[in-house]
Amino acid sequence: MITATKKMARNGCRLVLLMVLLLGMLSATGIARAHEHYEVVTNANVTTRSLSSNSLRAIFGMRQQTWPDGGAIKVFVLADDAPLHNSFCKEKLGAFPYQMRQAWDRLVFSGTGQAPTKVSSSEEMFDRVASTPGAIGYLEKTKISERINVLQVK
Amino acid sequence: MYSKSNNRVSHRHIRMARVIAMSAILWSFPAQSQALPDSQKLPSFLSATFARMSALKLPDAVQVHGFATQGYMNSTGNNNVFGYSNRHDDGSAGFREVGLNASVQLRPNLLISAQGLHRHAGQGSQDVRLDYGLVDYKAYSGENSQFGIRLGRIKNPIGFYNETRDVAFTRPSIMLPQSIYFDRTRNLAMAADGGHVYGETRTSKGDFFYQFGVVMPYVSGTTTEAAIFGVDRPGHLTSEVSYIGRGMYEYDGGRVRLGVSGAQTNIGYNRGADPALLSGQVQLTPIVFSAQYNAERWSLTSEYAIRHTVVNNFGPFSPNTATTGESYYFQGIYRFTPRWEGVIRYDALYSNRDDRHGSAWAAASPATRDPHSRFAKDLTSGVRWNVTPSFMLAAEHHYVNGTAWLAPLDNPGASTLAGHHSQHWHLFAVQGSFRF
């Protein structure tokens with residue numbers, strides 16, 4: 001009888017601890033939005049001109065492989081520590097670069113998805129997005145020309 | 001039969017040589033990374049080899065990835081982790097994981113993938129096994145939801161870490177929290193053959209992911225038998241139809257992640273020539289609750305598991321039992337810089353929550369049973385250095401009270417003699433890992 005009461009008290013303490021932890025998580029504030037000096041860009045053959053942020057997150061999370069018109073999506077990203085990649089992840093995807101890497105690793109090493117293609121510079125990003133049908137990436141506004149499309153994120 | 005100690009002495013030089021060779025190989029890899037500015041300092045023939053490797057252009061739809069990890073473990077007492085890691089044997093460098101996978105996106109909705117895995121970790125070693133091999137068909141993919149099926153050998157979706165438990169880069173520490181991801185039944189936990197349905201729904205309030213599978217568990221090898229019976233028995237385990245599933249909720253791009261996963265794993269025993277046991281059944285029903293909060297510099301993770309185990313029909317020498325084990329951990333990770341991170345964790349495992357400290361269990365046979373083999377409370381602290389995006393080094397220390405998750409095959413004395421293992425013990429581990 002005494003041990004049962006003690007056990008209940010102990011389980012109760014654990015539950016309270018867990019609840020406090022969860023509440024703390026939920027009450028934390030969101031990520032501040034910075035002024036954006038870049039755009040999400042696509043290959044000129046992509047007919048989609050605007051996309052919800054949920055869809056964008058699924059595309060860069062490598063979980064969505066097709067455009068609404070059925071065409072295959074090819075995702076290009078800069079290195080994890082590139083400043084533009086960092087801004088893009090935080091502002092457009094609402095995630096940190098390490099979270100994106102963890103999500104890609106979970107897919108790649110469980111056989112349930114593929115990693116995005118890494119490019120080493122904004123110049124290469126422009127070339128690959130411009131030359132790959134279905135491509136999506138991100139680029140500084142100053143480096144965008146008419147050879148690629150700008151995608152509005154709703 | 002040669003004695004264990006002779007075996008160890010004769011193998012020590014081979015082990016040392018392996019460590020040196022493996023370290024050299026691992027160190028050579030970052031030299032090949034484009035991101036490392038001082039690559040000129042390292043041997044040029046390796047850079048040349050890599051240049052040749054990367055010149056092999058794969059078609060866009062094909063990806064090849066891999067990893068190689070080498071660890072060193074040093075523990076106190078007679079307690080062994082991943083080989084003869086105790087101090088009398090100068091620790092053990094017998095922890096090694098090497099994986100290579102390939103995937104082909106045949107069509108946007110059709111993916112095939114497979115991974116080969118070699119793992120050396122004491123008596124639980126495996127030369128090479130098919131870790132997973134599957135076909136993934138996405139039947140529906142809309143703007144806010146998708147649905148698909150997977151067939152083949154599929155990683156078991158349990159908790160946050162199980163599916164990539166052998167990939168050092170995806171682990172928060174060298175050893176995963178053993179309360180939930182204990183390695184003594186890893187063969188059973190890793191993957192299973194069968195079919196899964198999966199899907200996701202995206203809303204403005206967060207994303208929902210779900211997965212459910214009907215599978216045949218992987219019971220080959222001696223480690224699962226040892227985990228169930230304490231020793232390798234003359235008969236063999238058989239795989240029965242089992243079920244597995246996970247639901248996960250992610251809020252704000254994964255800032256908050258909440259999950260519930262569970263399995264009902266059914267295993268039979270074909271007694272063969274076993275003189276003591278009949279052909280009984282074992283049913284394992286783990287349920288895991290998972291919660292994580294991710295900020296820029298820190299992540300908090302906690303998981304709680306309840307494991308119900310039913311053992312039936314093994315005859316008079318092994319009465320029917322039904323026990324419920326309980327596990328949980330709290331873990332904090334702090335990223336000092338993108339390259340340096342620290343981890344601290346409290347992890348607790350109870351084999352039977354109605355006999356948390358094993359007193360009733362040990363009282364039934366005091367000469368052969370240690371009460372501390374029924375629980376383990378592990379305080380872990382560690383540091384990780386991401387030297388380059390593809391090479392990392394990690395070190396960690398465990399202070400453990402209890403021996404519940406020690407692997408029986410690496411600790412043969414445990415099942416026959418009480419007092420052989422230390423209740424309070426330390427484990428120190430270092431690891432280098434490369435991935436591409």
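Right, let's walk through the structure included here. Everything numeric here is computed off the predicted structure, so don't read it as measured data.

**Comments concerning the pairing of strand 6 (residues 148–153) of chain A**
Residue and element names in this part refer to chain A.
Phase 1 of the analysis: Where strand 1 (residues 38–43) lies against strand 6, four bridges are found, and the strand directions are antiparallel. Looking at strand 6, one finds that N43 is bridged to I148.
Phase 2 of the analysis: Examined bridge by bridge, strand 2 (residues 50–51) and strand 6 share two bridges and lie parallel to one another. By the bridge assignment, L51 is partnered in strand 6 with V153.

**Quick notes on the pattern of salt bridges**
Phase 1 of the analysis: Here the structure, examined in full by the defined rule, presents 24 salt bridges over all chains.
Phase 2 of the analysis: Between D207(B) and R63(A) there is a salt bridge whose closest N-O contact spans 3.8 Å. One end of the pair, D207(B), is in strand 7 (residues 206–217); the other, R63(A), is in the loop between helix 2 (53–60) and strand 3 (74–77), on a second chain. Comparing D207(B) with R63(A), the two get one shared label, buried.
Phase 3 of the analysis: Here K143(A) and E123(A) are joined by a salt bridge, their closest N and O atoms 3.8 Å apart. Here E123(A) lies in helix 5 (residues 122–131) and K143(A) lies in the loop between strand 5 (135–140) and strand 6, a separation of 20 residues in the sequence.
Phase 4 of the analysis: Here the residues in one salt-bridge network are R57(A), R63(A), E200(B), R202(B) and D207(B), joined through shared partners.

**So, the nonpolar core**
Phase 1 of the analysis: Of all hydrophobic cores here, the largest spans 35 residues; its most connected members are L56(A), F60(A), F88(A) and I136(A).
Phase 2 of the analysis: Listed by contribution, the elements that provide at least two residues to this core are strand 1, helix 2, strand 3, helix 3 (83–93), helix 4 (97–108), helix 5, strand 5 and strand 6 of chain A.
Phase 3 of the analysis: What L56(A) contacts, discounting residues up to four positions off in sequence, is V40(A), L51(A), F88(A), K92(A), L93(A), I136(A), L151(A) and V153(A).
Phase 4 of the analysis: Formed by 21 residues, the second largest nonpolar core is a distinct cluster that contains F169(B), M175(B), A404(B) and W425(B).

Cut-offs used in this document
- Residues numbered from 1 in each chain as written.
- Chains lettered and ligands numbered in written order.
- Predicted model: local features only at pLDDT ≥ 70, side-chain atom pairs only at ≥ 80, totals over all residues.
- Heavy atoms only, no water.
- Pairing = 2+ DSSP bridges.
- Helix = DSSP H or I, 4+ residues; strand = E, 2+ residues; numbered from the N terminus.
- Salt bridge = Lys/Arg side-chain N within 4 Å of Asp/Glu carboxyl O.
- Buried < 20%, exposed > 50% of the residue type's maximum accessible area, 1.4 Å probe, protein only.
- Core = buried A, V, L, I, M, F, W, Y, C linked by side-chain atoms within 4.5 Å.
- Contact = heavy atoms within 4.5 Å.

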